Amino acid sequence: MLKTKRQLRHKKVRKNIRGTQERPRLAVFKSAQHIYAQIIDDVKGVTIAAESDLKLDKGTKTEKAIMVGENLAKKAIKAKVAKVVFDRGGFKYHGRIVALATGARKGGLEF
């Protein structure tokens, strides 16, 4: 099966990053139009909180990414999660990925 460079990078990163109950993993996926983020406890295999920009109508893609990060942080704090491990999903830490991380930090999450 042919894999993209991003998928190969993500596989390498995932060898070292694991989400625990105390510090779950904040996983990010972006497509050409949308961005998705979820907080995952890899030990239990459970998604604690998830957010995407599918329901957001106003703003640029970067502004939407910031809002997704802030909304995800609110959901995580409700679920009593304050610290996470950031998993950029093989994407460069640039643009919308940075914007989502900034929004999550602004919302109260600590990486």
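Before reading on, note that the structure itself is shown above.
What counts as what
Residues numbered from 1 in each chain as written. Predicted model: local features only at pLDDT ≥ 70, side-chain atom pairs only at ≥ 80, totals over all residues. Heavy atoms only, no water. Helix = DSSP H or I, 4+ residues; strand = E, 2+ residues; numbered from the N terminus. Buried < 20%, exposed > 50% of the residue type's maximum accessible area, 1.4 Å probe, protein only. Lys, Arg positive; Asp, Glu negative; His and termini not counted. Salt bridge = Lys/Arg side-chain N within 4 Å of Asp/Glu carboxyl O. Polar contact = N/O pair within 3.5 Å; in protein donor to acceptor, adjacent residues only side chain to side chain. Phe/Tyr/Trp six-rings, centres within 6.5 Å; stacked < 30°, edge-to-face > 60°. Pairing = 2+ DSSP bridges. Axes fitted to C-alpha atoms, helices over the stretch in contact; angles between N-to-C directions. Core = buried A, V, L, I, M, F, W, Y, C linked by side-chain atoms within 4.5 Å. Contact = heavy atoms within 4.5 Å.

Draft legend 1. Inspection of the side chain of Asp53 at higher detail. Structurally, Asp53 can be placed in the loop between β3 (46–52) and α2 (61–78). Notably, Asp53 is buried but unbridged: the nearest opposite-charge side chain belongs to Lys64, and the N-O separation is 5.1 Å. Polar contacts involving the side chain of Asp53 include one to the side chain of His34, which spans 3.0 Å.

Draft legend 2. Quick look at the pattern of salt bridges. In this structure the tally under the stated criterion is 5 salt bridges. Among the ionic pairs, Arg14 bridges to Asp42, the shortest N-O distance being 3.8 Å. Linking Arg14 in helix α1 (residues 5–16) with Asp42 in the loop between β2 (35–41) and β3, this pair joins segments that are 28 residues apart in sequence. In this structure Arg14 comes out as partly exposed when scored by relative accessible area, which is 23%.

Draft legend 3. Quick look at the packing of aromatic side chains. Enumeration over the complete set of coordinates arrives at 4 aromatic pairs. An angle of 65° between the planes, with centres 6.0 Å apart, marks the rings of Phe29 and Phe91 as edge-to-face. Residue Phe29 is located in strand β1 (residues 25–30), and its partner Phe91 is located in the loop between β4 (85–87) and α3 (96–107); the two are separated by 62 residues in the primary sequence. Considering the side-chain rings of Phe86 and Tyr93, the 6.1 Å spacing of their centres and the 85° angle between planes classify their relative orientation as edge-to-face.

Draft legend 4. Region of interest: the sheet that holds β4. Pairing within the open sheet is mixed, and its 4 strands lie in the order β3-β2-β1-β4. Here the strands that pair on one side only, and so sit at the sheet edges, are β3 and β4. Sheet twist, expressed as the mean angle between neighbouring strand axes with direction ignored, is 20°. The pairing of β1 with β2 spans 6 bridges and is classified as antiparallel.

Draft legend 5. Up close: the nonpolar core. Counting 21 residues, the largest nonpolar core has Leu26, Val28, Ile35, Ile39, Phe86, Leu100 and Leu109 as its most contacted members. Those residues in contact with Ile35, other than ones at most four positions away along the chain, are Val28, Phe29, Lys30, Glu51, Ser52, Asp53, Ala65, Val68, Arg96, Ile97 and Leu100.

Draft legend 6. Structural context of the pairing of β3. Pairing analysis gives 6 bridges linking β2 to β3, with the strands arranged antiparallel. Of the residues in β3, the one forming a bridge with Tyr36 is Ser52. The antiparallel hairpin formed by β2 and β3 contains 4 residues in its connecting segment, where Gly45 sits at a positive phi of about 75°.

Draft legend 7. Local environment of the environment of Lys12. Note on placement: Lys12 falls in helix α1. A relative accessible area of 57% means that Lys12 is categorised as exposed. A sequence separation of 32 residues divides Lys12 from Lys44, and the C-alpha atoms of the two residues are 22 Å apart.

In short, the description is geometric, and any link to function would need to be established separately.
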